[in-house]
There are 2 protein chains.
Amino acid sequence: MRKKKPRNRSRLISAAMGKLACDLTIRNVQFFNVFTGEIYAAEVDILDGFVVRVREDGQEAPLPAASVYDGHGCYLIPGFIDTHMHVESTMMIPENLSRAILPWGTTTVCTDPHEIGNVMGIDGVSFMLDNAKLSSLRQYVLAPSCVPSVPGKESTGAVFTAKEVADMLDMDDIVGIAEIMDYVGVIQDSERMHTIIDEGEKRGAFLQGHAPFVTGKDLAAYRLGGPYSDHESGTAEEVSEKLRMGIHVNLRASSLTDDLNNLVDGCRDHLWRDFVSICTDDVHAKDLLTVGHINKVVRKAVNSGLDGREVIKMATLNAAREYQFDDLGAIAPGYIADIQLVQTLDGCRPDAVFVEGKLVAENGVYLGDDKPVGNFTFPNTVNIPQITSPEDFCLRVPDGYQEETIMVNVMSPLASKSSKILRKPVPTRLPVKNGCVDISGDPELVYFCSVNRYGSGSATIAVYRDFGLERGAMATTIAHDSHNLTIAYRDPQDAFLAADALRQCGGGVCAVDEGKLTLLPLPVGGLMSPEPCEVIADQIDAVQSAVNEISGGRLSLLGVAVMSLPVLPSCVITDMGLVDGVTQQFVPVFPD
Amino acid sequence: MRKKKPRNRSRLISAAMGKLACDLTIRNVQFFNVFTGEIYAAEVDILDGFVVRVREDGQEAPLPAASVYDGHGCYLIPGFIDTHMHVESTMMIPENLSRAILPWGTTTVCTDPHEIGNVMGIDGVSFMLDNAKLSSLRQYVLAPSCVPSVPGKESTGAVFTAKEVADMLDMDDIVGIAEIMDYVGVIQDSERMHTIIDEGEKRGAFLQGHAPFVTGKDLAAYRLGGPYSDHESGTAEEVSEKLRMGIHVNLRASSLTDDLNNLVDGCRDHLWRDFVSICTDDVHAKDLLTVGHINKVVRKAVNSGLDGREVIKMATLNAAREYQFDDLGAIAPGYIADIQLVQTLDGCRPDAVFVEGKLVAENGVYLGDDKPVGNFTFPNTVNIPQITSPEDFCLRVPDGYQEETIMVNVMSPLASKSSKILRKPVPTRLPVKNGCVDISGDPELVYFCSVNRYGSGSATIAVYRDFGLERGAMATTIAHDSHNLTIAYRDPQDAFLAADALRQCGGGVCAVDEGKLTLLPLPVGGLMSPEPCEVIADQIDAVQSAVNEISGGRLSLLGVAVMSLPVLPSCVITDMGLVDGVTQQFVPVFPD
């Protein structure tokens, strides 16, 4: 559970009474008060990382502070709090995340390490916690609730039962249970979800929800099952219904989705928005380099018609109260001195950022040391003994099959031309050559393979239509949520080259074009890189360029990463087979 | 600490999903949503005392409930929460308080039993908790923080150190530390207050403040010392300063004070009022019979210019969030079904009140059983062996004193003609007769006596000018905060009669006029009566009439009750002597 920053009350009282000098006074600012909405000239006194006092115009400090920072007339506001994000989505390790987002004014993040949890279990979660401690960014972690996302339909590196969740909740700075995605399990009161939520309730832990498209009686049942927040709304109606039910709504704008205009419509005309906060969920390194973090969402929300003061309150005080953090999200005596100085109240990049009263960024530049990342050794998590030659990527027909063609469940786009993610099996007759299904005659087809990378030896190969890959192979060890090695390819030779490269570097993302490899190594669990944001962004650019070449510009470098998630209303591929996400039944590659 | 109402999540989920019938549906209501401020037609389904679902127009119940209540088009709002009150001030025991205030729509009170705590220590607090459990009203108790109010200057029946406070915090339904009145101790970081607050912080308990007239650096120091709420503001400026500091402000209108107009001025123009709630502090039986409880404060706040929806949110959701009660203060899935049906949103008396989904009052009538109050035996707490005859009430001059007159520190009104509470010693020469000070020649003087009632044998007799008593005696065992037997009298004979009557009945309030006694017995700790509200109100009327007779209508029946509190900026009388509340020094009765 959360370990509050310890405070010496006697010292703080002494400082307020003028018997002890403060460490710092930030002067010459317009103070924005998130309790009252007022703005007034003030100076802020800080000791031991806590706010001692906000002195309004004319109130002298009883003793001068050891140092003074001139705010040059900026607004002084609290640091932003991200109520839900996955560090792994940035491909950075927690320590480098800190360097990347502090300059944007985010000083606290509540993270769900369910990607690394699927790969490495509690060891992975512990790594995230430990590495986060090397950073100035306050990083609270939530215990992943649904590892694996669907039991029995995918192989992961770990399984979290109530026991593991309980163990995590007892660790310092694990503040709750992360997005409870298995909403079907919750509303059907499955034993897995019931017992996991029990552990949270027992400890008074925060229970983070995840309820896309859930409405009416299902939403009531979901709320009754435990979770009291949600960040998955896509429409105004969803936001409105959830708020009416007292569910904390985290307005989300990620690198993947941006429905913020709609979401704002769901709360703009309410009398109160106390239960609205802000989150980024998944945000990419490039965005963090160029457009920002929570401040970006604030800016969008202001552009969608909300008052900037209201949005800043959402991203600070409301977020803190959602988690019942009573020492964060505001600037007042006793609060932790996480502070931004900004020129406008609309999500602009801050001129200065302080964490616990220490200046950590100025004008977009991180001021902390540039020392190499914390010393850690990380095991290679790509364990694929089943892959020994290019032949392992051929789709073999069943033993003894003698015909020249065979019926194959070709995974084809479900309906809409726009979304290529959702798929259904379409039985299609394809030629057989040397005992393998041959797609060379149809340029619309690719092989798609999910290779267990946790040593079990399992793998599934299938055929996909209209995926977008024209030649070569693209591969990744990021494949939600089990993160097995997933490859789309026209040529088994290229697939083998890609697999072998990723095995050697411990995972990552790569493209192969006629034997030429372009690689983004992610040796930390096959998900993250120890490199800083700028380097990762460059590597992403390089792999994306290569993917553009082999897909005619149709595919994103993570195009294969979302084809394996068995909670999607789609037919997906896992290392155990093809899975219908709606019925949760396996679908044979060969229908007969 | 708080023990949450246990819930069977499986049953609640089943009910939402239509697999189990609810206990009750309240239909035909205008639902007022305290999260969003919206009002819309709805039906509310309840099971096991919890809200299962709020169905909006057109949403059918999947299964009909076992019973249906027709709301006749009323607004449906949550039950009110009183964030700070003393049950003892009503002179009722907790069980009867419930009968008196549920019909007004208050369903939860957070009470400070510091009166009974001063008299009987933890036994008294336990009685309040145990007796409260016999009632439908949800009564949370806070551990009294300042017993006695000033150590070493008054004798109480108990002393609470950090040890006792810790023991209380570990009891069920003691949810925090009650009004931390010794603000001087907090800002001077006294060991007593520091160690007591430590016990609260250790447990994450609610730390209730009490900071009248505290401002600027003192207020910051007080907040840093621990407390995060306050109900003692008297002006708009106090409210505003506290809110700016993130202190939860409990707007108070009691039977003793009513500055609500001013208080509302301190928050009306703010953008947000999330940190504002409502409390009654001290409210008398007569008020509870005639004008109401929290609803009365709501009405006044609306009359002072606040939107009724905003005030209802203060008295429900804001109050619950102040205490971090996440299952109270709103009507939504998973919340406890404490509900009022009201015709207007302005503090009117509710047409119906439900606690945990059970109808407890209709049209001002309590519907619970009329069974006699819970069986309890209460010790007689009036232990005054030092009083054996009328002579014990004579003010004797020092042994061997032979003069015919003597200088006496006569306790005289401090300054203003209006307030007779604040006093200062004025040395005055008075006649001596039979070895005693004789006031018979000056009708402006009375004797004033504080008799230790906890068996120590101590007593103080002094002379007061311009108190208002013309003849006879008035006496009470309610005398804040030590509650020693306190008597104002012209005639020692009448004083003895009063003292003897109160000794026999275990305490109370009485008036004696030429040998005629009028008595309000308060056998429960000398503070409370086992009788219901109506009976107490009648007894109060009778004693007040008698007091009117002997004071020419100048005195309230509790006129002597506030002359003993050593935290007042006044010279007060305790069983240990006269005490200057400002210097905390004793003042001799005879100055030479």
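Nothing here was measured: the structure is a model prediction, and the numbers come from that model.

K.L.:
Hey, could you run me through the relation of the copies chain A and chain B in this one?
P.N.:
The operation relating the pair of chain copies consists of a rotation about an axis and a translation along that axis. Placing chain A over chain B gives an RMSD of 0.1 Å and needs a rotation angle of 180°, together with 0.0 Å of translation along the axis. Within this description, the copies of the chain are treated as partners about a two-fold rotation axis. Take the interface residues of chain A: 100% of them recur as interface residues in chain B, which is what a same-surface contact looks like.

K.L.:
What should I look at first to understand the sheet that holds strand β8 (residues 138-143) of chain B in this one?
P.N.:
In a beta sheet, neighbouring strands pair by backbone hydrogen bonds and run either parallel or antiparallel. Residues and elements named next belong to chain B. Sheet architecture is open: five strands sit in the order β6-β7-β8-β9-β10, paired in parallel fashion. A single partner strand is all that each edge strand has here, and the edge strands are β6 (80-85) and β10 (206-209). When the angles between neighbouring strand axes are averaged without regard to direction, this sheet yields 30°. Of the strand pairs in this sheet, β6 and strand β7 (residues 106-111) are connected by four bridges, and their pairing is parallel.

K.L.:
Would you take a moment to explain the interface of chain A and chain B for this structure?
P.N.:
Contact residues are listed per partner, giving 58 residues for chain A and 58 residues for chain B. Between chain A and chain B, the buried area comes to about 5,600 Å², and carbon and sulfur atoms account for 55% of it. Note that Glu38(B) is salt-bridged to Arg244(A), the shortest N-O span being 2.9 Å. Inspection of the chain A/chain B interface yields 22 residue pairs in polar contact (both at pLDDT 80 or more). Sorting the residues of the side of chain A that touches chain B by element identifies α1 (9-16), β3 (50-56), α6 (183-187), α7 (191-203), α8 (216-224), α9 (236-244) and α13 (308-322) of chain A as the ones contributing at least two each. When residues in the side of chain A that touches chain B are grouped by element, the largest group, seven residues, is from α8(A). Of the residues assigned to the side of chain A that touches chain B, the class counts are 26 nonpolar, 14 polar and 18 charged.

K.L.:
Explanation requested: the sheet that holds strand β12 (residues 248-252) of chain A in the structure shown.
P.N.:
Residues and elements named next belong to chain A. Ordered by their spatial adjacency, three strands build an open sheet running β11-β12-β13, and the pairing between neighbours is parallel. The open sheet has two edge strands with one neighbour each: β11 (229-230) and β13 (276-279). The pairing of β11 with β12 spans two bridges and is parallel. Paired with Ser229 across the bridge in β12 is His248.

K.L.:
What's the story with the confidence of the model for chain A in this structure? I'm lost.
P.N.:
Parts of the model with low pLDDT should not have their predicted coordinates read in detail. Confidence in the prediction for chain A averages 95 pLDDT; 99% of positions are at 70 or higher. In the predicted complex, the global pTM is 0.95; the interface-specific ipTM is 0.95.

K.L.:
Quick question: what am I supposed to make of the environment of Phe590(A) here?
P.N.:
Residue and element names in this part refer to chain A. If you trace the backbone, Phe590 turns up in the segment after β29 (585-587). What makes Phe590 buried here is its relative accessible area of 16%. Spatially, the C-alpha atom of Phe590 lies 41 Å from that of Thr111, the residues being 479 residues apart in sequence. When residues no more than four places from it in sequence are discounted, the contact partners of Phe590 are Leu395, Arg396, Val397, Pro398, Ile406, Met407, Val408 and Val437.

K.L.:
Can you help me understand the environment of Gly37(B) in this one?
P.N.:
Following the sequence through the fold, Gly37(B) ends up in the loop between β1 (24-32) and β2 (39-47). Between the alpha carbons of Gly37(B) and Arg309(B) there is a distance of 6.8 Å; along the sequence they are 272 residues apart. Discounting chain neighbours no more than four positions away, the residues touching Gly37(B) are Leu271(A), Trp272(A), Phe32(B) and Arg309(B).

K.L.:
Just to check I follow, could you spell out the state of the cysteines for this structure?
P.N.:
Each disulfide consists of a covalent bond between the sulfur atoms of two cysteine residues. All names here are of chain A. A complete count under the given rule lists zero disulfides over all chains for this structure. A disulfide-free cysteine, Cys146 has its sulfur positioned 17 Å from the sulfur of Cys279, the nearest such atom. Exposure remark for Cys146: the relative accessible area of 3% places this residue in the buried category. Cysteine Cys533 remains unbridged, with the sulfur of Cys279 as its closest cysteine sulfur at 19 Å.

Thresholds, definitions, all that
- Residues numbered from 1 in each chain as written.
- Chains lettered and ligands numbered in written order.
- Predicted model: local features only at pLDDT ≥ 70, side-chain atom pairs only at ≥ 80, totals over all residues.
- Heavy atoms only, no water.
- Least-squares fit on C-alpha atoms with pLDDT ≥ 70 in both.
- Contact = heavy atoms within 4.5 Å.
- Pairing = 2+ DSSP bridges.
- Helix = DSSP H or I, 4+ residues; strand = E, 2+ residues; numbered from the N terminus.
- Axes fitted to C-alpha atoms, helices over the stretch in contact; angles between N-to-C directions.
- Buried area = accessible area lost by both parts, 1.4 Å probe.
- Salt bridge = Lys/Arg side-chain N within 4 Å of Asp/Glu carboxyl O.
- Polar contact = N/O pair within 3.5 Å; in protein donor to acceptor, adjacent residues only side chain to side chain.
- Nonpolar A, V, L, I, M, F, W, Y, C, P; charged D, E, K, R; others polar.
- pLDDT = per-residue confidence, 0-100.
- Buried < 20%, exposed > 50% of the residue type's maximum accessible area, 1.4 Å probe, protein only.
- Disulfide = S-S within 2.5 Å.

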